[in-house]
Amino acid sequence: MADEQEQRYDPAVIEPKWQQRWATDPRLYAAEPVSCGKPKYYVLEMLPYPSGQLHMGHVRNYAIGDALARHMWMRGYNVLHPMGWDAFGLPAENAALKNNTPPREWTLANIAAMKRQFQRLGMGFDWSTEVTTCMPDYYRWNQWFFLRMFERGLAYRKKSKVNWCPECATVLANEQVVDGCCWRHEDTLVEQRDLVQWFFRITAYAQELLDDLSKLDGWPEKVRTMQRNWIGRSEGAEVDFFLAEIEGIGNREQGTELDELIVKVGLQGLDDGSGESRTRIRVFTTRVDTIFGATSVQLAPEHPLVTAFGAQDAGLKAQIAELIEEQKKAREAGDVGAIEKHGVPTGRFAINPYNGERVPIWVANYILMDYGTGAIMSVPGHDARDFEFATKYGIEIRRVIAPHDPGPQEPPLPFLSEDGVLVNSGEFDGLTCSDAQRKLQQIAELGAFGKGTVTFRLRDWGVSRQRYWGTPIPIIHCERDGLVPVPDDQLPVLLPPQVEITQQGGSPLARIPEFLSTTCPRCGGPAQRETDTMDTFVDSSWYFYRYPDAKNDQRPFEPAIARYWFPIDQYIGGVEHAILHLIYSRFWTKVMRDLGLIENDEPVRRLFTQGMVIKDGAKMSKSRGNVVSPDDMIARFGADAARMYALFAAPPDRDLDWQEDGVAGVSRFLARVWRLATKYAPVARSARNQEAEPLSGTSPKLVRKLHQTIAKITHDFEGRWHFNTCVAAIMELVNEIQAADAQLASGEVPAPVIRELLRTLVLLLAPFAPYLAAELWEELGEEGSVLRASWPVSNPALAKEDEIEIPVQINGKLVAVIRVSAGATPAQIEAAALGDEKVRSRTAGKTIVKVIVVPGKTVNLVVK
Ligand SMILES: [Zn+2]
Ligand SMILES: [Zn+2]
């Protein structure tokens, strides 16, 4: 008998042993070449930012992906399961300021530390394809893509209002402004500044980004909805109102279609329709059917016409300046929609092109110059915001839409439904809203005063950052030639290794003369480099295309390799990336397709968003001081227990409430498995060369449980992903095996059957507890890596809860046959017999003296 110490499950011994062995076999987790002929499976978890420490949210994310990768390896797929580092970004600069460590050193040290943690956790990543986005061999391709986009007009510069975080001292994308504050500095209000910035023309793909969402049926509906809303397509019409002051009746051609139309709808006062000499105010509306209810036109404070009015009227100019200031403040607070609405009448009038009506022109603080046309028609009877404004300023409120079946009382205004008919709309009375929209739009087109149009909420992607730690933008500014692209053969434009990081405004690169000064590739004269760097979301927009061909120094990747691996079969990450990362990478994929590099339209076939890890009622975070360190959990319970708990404690898509008792519980379960397997390992080894017969000698219940467990886990890996119930099912299976311990120990169960039972148990555990599975696989005398062993196949006939027929006799005479499940207990059989229709009618009014149940055979009733 070995001593107590040796009899204990000890992950501190088992896990480092296997970690070392795996480290000497880099091919274990490596993908095979495209030519291997196997079906491929690309499973990917979102790459981490190298903060220096993994947290439990990471552990959960990667435990899900790693379980899936291992399962697919065992199913015989050629699996790609890579890992990399989203290594550019601000925290490295902040750390440099704080600790006086250069960003590069800080980042690379963090990567090394986190890589050690990954390896200790036993994650099956193919490190030969590792991608580190801050390294020149990667970011040179960011620059290469930038140049391709520049050539196609997809990268361009414009002066624009930008979100400026004073704390970051850089520009933020709209997506990085959360409730008016910086996404990194939750307490810092974002300011608006005017700057010349680089943009990617993502809006050129707005319609396709929207349309293709319908193809992504492997994505969570909530993510698709978020993207749909973010793209924000709205159909409507643009219509020109005319400035009344410059109105003049021209000589229009009599008898034309336009002329008849003008006469018909009473467009008196409009002239030839050429519009050349008339000042037009173009408004955008989604409800042109309500245009007869427009009782004012409202302009953004920064509308050019407003500027023109202000130039003629000093009092008005001052009021406009106030409105501009109010709007700026509201923008900085992040919600112009919530602004307290103010407006100023200009004393001017606009003419409604459909009825020639003069309506007052107002300037309002909630109208944005960069949305739509910067002008709206205000229809207070049928728009809540317009109603609020008109009520405040006493502007007429007019009903022009009525319900189809007007009741005895008219519905109160504002009446917002589009399910109605037009009233008070002249010629168009009685048309339904949708018919009127179509018709009025056609008239606008005929009359050349408007058109049907589509607008998007999506804006072009601002990629300029005035920071050091990012990809330099490969453009040279020449006084003679303007913007000159850096030639491809001069890439990469290297980030200078040392720079003094300060929090002064402006790009740090502009303060490095050796970087800044260069010669123009076109004229050879002195020139300056662009000093902005790229948004780090550029890095993560295409990194997963680099993995399968990470060492390529001729192109970003080989198209044939991408053709094999894409789209990604399963992508796993947090739902917080639903908008930024996942829209940008979809855009990037479409650009690469149009460059002829890839054939897929979408990068990701299936997306899974896991829940958060919560402790003491809050998301784990350093600032809350409720972080659980994976290192600590590993030291106390082992990596297998920590990983398996992360899968077991909650369905993966829900939030997980971290309970240390739970980890301890999983650890105790793994110890039970270890004891069970090691106890019978000699028997299993002895049966290695014997044919496994059908599972004879064991209870039908155990056989059924085994096959049910195989079926359940296999099914869950195919998309349900209820890994918590998978682990629970393995626990039940272990209970069932232990309940049969007497039969196992006595030899009643043949050795090949014992081997089959334990072998299958280890195979089922392998995706969840890789260290223990490897150890027991070897212990059972099995050859090769458990990772390359075939995943067990469930036999549906054996998994079925089969029923048996049992005859029921009353006083020795057969009266009925009942059906019960094969595993039914005597009490269950008795209850089924007494509940049978025929038995009940034969015993009605009599006394049942005795019930004799012979399990699996008969039920005898003695009745008087
Ligand atoms: Zn900030
Ligand atoms: Zn030049």
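Residues numbered from 1 in each chain as written. Chains lettered and ligands numbered in written order. Predicted model: local features only at pLDDT ≥ 70, side-chain atom pairs only at ≥ 80, totals over all residues. Heavy atoms only, no water.

Caption draft 1: How the structure looks around the overall build of the chain. Helix and strand counts for the chain come out as 27 helices and 34 strands. Relative to its length of 864 residues, the chain is extended, with a C-alpha radius of gyration of 36 Å against a globular reference of 29 Å. By principal-axis analysis of the C-alpha atoms, the chain measures approximately 110 × 85 × 50 Å. A total of 864 residues make up the chain; the buried ones form 54% of that total. Both charge centroids of the chain, one from 97 positive and one from 113 negative side chains, sit 5 Å from each other. (Helix = DSSP H or I, 4+ residues; strand = E, 2+ residues; numbered from the N terminus. Rg over C-alpha atoms; globule rule 2.2 N^0.38 Å. Buried < 20%, exposed > 50% of the residue type's maximum accessible area, 1.4 Å probe, protein only. Lys, Arg positive; Asp, Glu negative; His and termini not counted. Charge placed at Lys NZ, Arg CZ, Asp CG, Glu CD.)

Caption draft 2: Structural detail: the coordination of the zinc ion (ligand 2). Looking at the zinc ion (ligand 2), the protein donor atoms are Cys478 (SG), Asp481 (OD), Cys520 (SG) and Cys523 (SG), and they sit 1.9 to 2.3 Å from it. Considering all 4 donor atoms around the zinc ion (ligand 2), angles at the metal cover 107 to 115 degrees and the coordination shape is tetrahedral. In the primary sequence, the donor residues of the zinc ion (ligand 2) line up as C-x2-D-x38-C-x2-C. (Donors = N, O, S within 2.8 Å, 3.2 Å for Na, K, Ca; no water. Tetrahedral: all angles 85-135°; square planar, octahedral: opposite > 155°, others 65-115°.)

Caption draft 3: Layout of the packing of aromatic side chains. Throughout the structure, instances matching the rule amount to 56 aromatic pairs. Note on Phe292 and Phe428: the rings are 5.8 Å apart at their centroids and 50 degrees apart in plane angle, and the pair reads as tilted. One end of the pair, Phe292, is in the loop between strand E11 (280-285) and strand E12 (296-299); the other, Phe428, is in the loop between strand E17 (421-422) and helix H12 (433-446), with 136 residues separating them in the sequence. You'll find Phe292 and Phe428 in the same group, each marked buried. Ring geometry for Trp461 against Tyr584: centres 3.6 Å apart, planes inclined by 5 degrees, an arrangement best described as stacked. (Phe/Tyr/Trp six-rings, centres within 6.5 Å; stacked < 30°, edge-to-face > 60°.)

Caption draft 4: Inspection of the sheet that holds strand E5 (residues 155-165) at higher detail. The strand order across the open sheet formed by 4 strands is E6-E5-E9-E19, and the pairing between neighbours is antiparallel. At either margin of the open sheet sits one strand with a lone partner, and together these are strand E6 (170-172) and strand E19 (461-462). When E5 meets strand E9 (residues 191-200), the two strands line up antiparallel, connected through 10 bridges. By the bridge assignment for E9, Ala155 is matched with Phe200. (Pairing = 2+ DSSP bridges.)

Caption draft 5: Broad picture of the sheet that holds strand E31 (residues 803-810). Strands sit in the order E32-E31-E34-E33 across an open sheet of 4 strands; the sheet is mixed. Strands with a single pairing partner mark the edges of an open sheet, and in this sheet they are strand E32 (813-821) and strand E33 (848-854). Recorded for the sheet is a direction-independent mean angle of 20 degrees between the axes of neighbouring strands. Alignment of E31 against strand E34 (residues 858-863), held across 3 bridges, turns out to be parallel. Note on E34: the bridge partner recorded for Val808 is Val859. (Axes fitted to C-alpha atoms, helices over the stretch in contact; angles between N-to-C directions.)

Caption draft 6: Inspection of helix H18 (residues 639-648) at higher detail. Judged by how many residues are buried, H18 sits mostly within the fold: 9 of 10 residues are covered. Every buried residue belonging to H18 is among Ala639, Asp640, Ala641, Ala642, Arg643, Met644, Tyr645, Ala646 and Leu647, and all of these are buried.

Caption draft 7: The arrangement of the pattern of salt bridges in detail. According to the stated counting rule, one finds 55 salt bridges in the structure shown. Of the charged contacts in the structure, one is a salt bridge between Glu235 and Arg233, with a shortest N-O distance of 2.8 Å. The partly exposed category is assigned to Arg233, whose relative accessible area is 31%. Note that Arg586 and Glu602 form a salt bridge whose closest N and O atoms lie 2.9 Å from each other. A residue pair is termed long-range when its members are at least 10 positions apart, and Arg586 in helix H16 (residues 580-594) and Glu602 in the loop between H16 and strand E27 (607-610) qualify at 16 residues. Judged by its relative accessible area of 0%, Arg586 falls in the buried class. Under the relative-accessibility criterion, Glu602 is labelled buried at 7%. The network of salt bridges with common partners includes Glu208, Asp212, Lys215, Arg586, Lys590, Arg593, Asp594, Asp601 and Glu602. (Salt bridge = Lys/Arg side-chain N within 4 Å of Asp/Glu carboxyl O.)

Caption draft 8: Here's a closer look at the environment of Thr24. As for its placement among the helices and strands, Thr24 is situated in the loop between helix H1 (11-23) and strand E1 (40-45). A residue is classified by how much of its surface remains accessible, and Thr24, at 65% relative accessible area, is exposed. Taking the C-alpha atoms as reference points, Thr24 and Phe125, separated by 101 residues in sequence, lie 14 Å from one another.

Caption draft 9: How the structure looks around the pairing of strand E14 (residues 358-364). E14 sits mainly inside the fold: 5 of its 7 residues count as buried. The sheet contact formed by E12 and E14 spans 3 bridges and is parallel. For Leu299, the partnering residue across the bridge sits in E14 and is Val363. The sheet contact formed by strand E13 (residues 343-351) and E14 spans 6 bridges and is antiparallel. Across the sheet, residue Phe349 finds its bridge partner in E14, namely Pro360. Counting the residues between successive antiparallel strands, the hairpin from E13 to E14 contains 6 residues, one of them, Gly356, with a positive phi of roughly 70 degrees.

Caption draft 10: Representation of the layout of surface pockets. A volume near 300 Å³ is recorded for the second largest pocket. As for the second largest pocket, its lining consists of 13 residues, of which Trp22, Ala23, Tyr29, Gln119 and Trp127 are closest to the centre. It is H1 that provides the largest number of residues to the lining of the second largest pocket, a total of 3 residues. Its residues assigned to classes, the lining of the second largest pocket comprises 7 nonpolar, 4 polar and 2 charged. (1 Å grid on protein atoms, 1.4 Å probe; cavity = no way out; pocket = protein on both sides within 12 Å on 5 of 7 lines; lining within 4 Å. Points joined across faces, edges and corners; volume = space filled by probe spheres on them. Nonpolar A, V, L, I, M, F, W, Y, C, P; charged D, E, K, R; others polar.)

Caption draft 11: Layout of the confidence of the model for the chain. The predicted model of the chain has a mean per-residue pLDDT of 89, with 94% of residues at 70 or higher. Low pLDDT, under 50, characterises residues 246-252; the predicted model gives this stretch 18 contacts beyond four residues in sequence or across chains. (pLDDT = per-residue confidence, 0-100. Contact = heavy atoms within 4.5 Å.)

Caption draft 12: Structural context of the side chain of Arg120. In this structure, Arg120 sits in helix H4 (residues 103-121). Given the relative accessible area of 19%, Arg120 is considered buried. Apart from residues lying up to four places away in sequence, Arg120 is in contact with Pro11, Glu15, Pro16, Gln19, Ile634, Ala639 and Tyr771.

Caption draft 13: Layout of the packing of H1 against helix H24 (residues 770-779). Running from amino to carboxyl end, H1 crosses H24 at an angle of 85 degrees, the nearest separation of the two axes being 9 Å. By the criterion of interaxial angle, the relationship of H1 to H24 is roughly perpendicular. Contact with H1, carried on its side by Ile14, Glu15, Lys17, Trp18, Gln19, Arg21 and Trp22, involves Pro770, Tyr771, Ala774, Glu775 and Glu778 of H24 and no other residues of that element. Split by residue class, the contact of H1 with H24 holds 6 nonpolar, 1 polar and 5 charged. (Parallel < 35°, antiparallel > 145°, perpendicular 65-115°, else oblique.)

Caption draft 14: Region of interest: the environment of Lys159. Locating Lys159 in the fold gives a position in strand E5. Along the sequence, Lys159 and Leu97 sit 62 residues apart, while their C-alpha atoms lie 30 Å from each other. Ignoring anything within four residues of it in the chain, the contact list for Lys159 reads Asp194, Leu195 and Val196.

Caption draft 15: Quick look at the pairing of E32. Judged from the 8 bridges that link them, E31 and E32 form a sheet pairing that is antiparallel. Its bridge partner being in E32, Val808 is matched across the sheet by Ala816. With antiparallel pairing between neighbouring strands as the criterion, E31 and E32 make up a hairpin whose turn holds 2 residues, including Asn811 at a positive phi of roughly 50 degrees.

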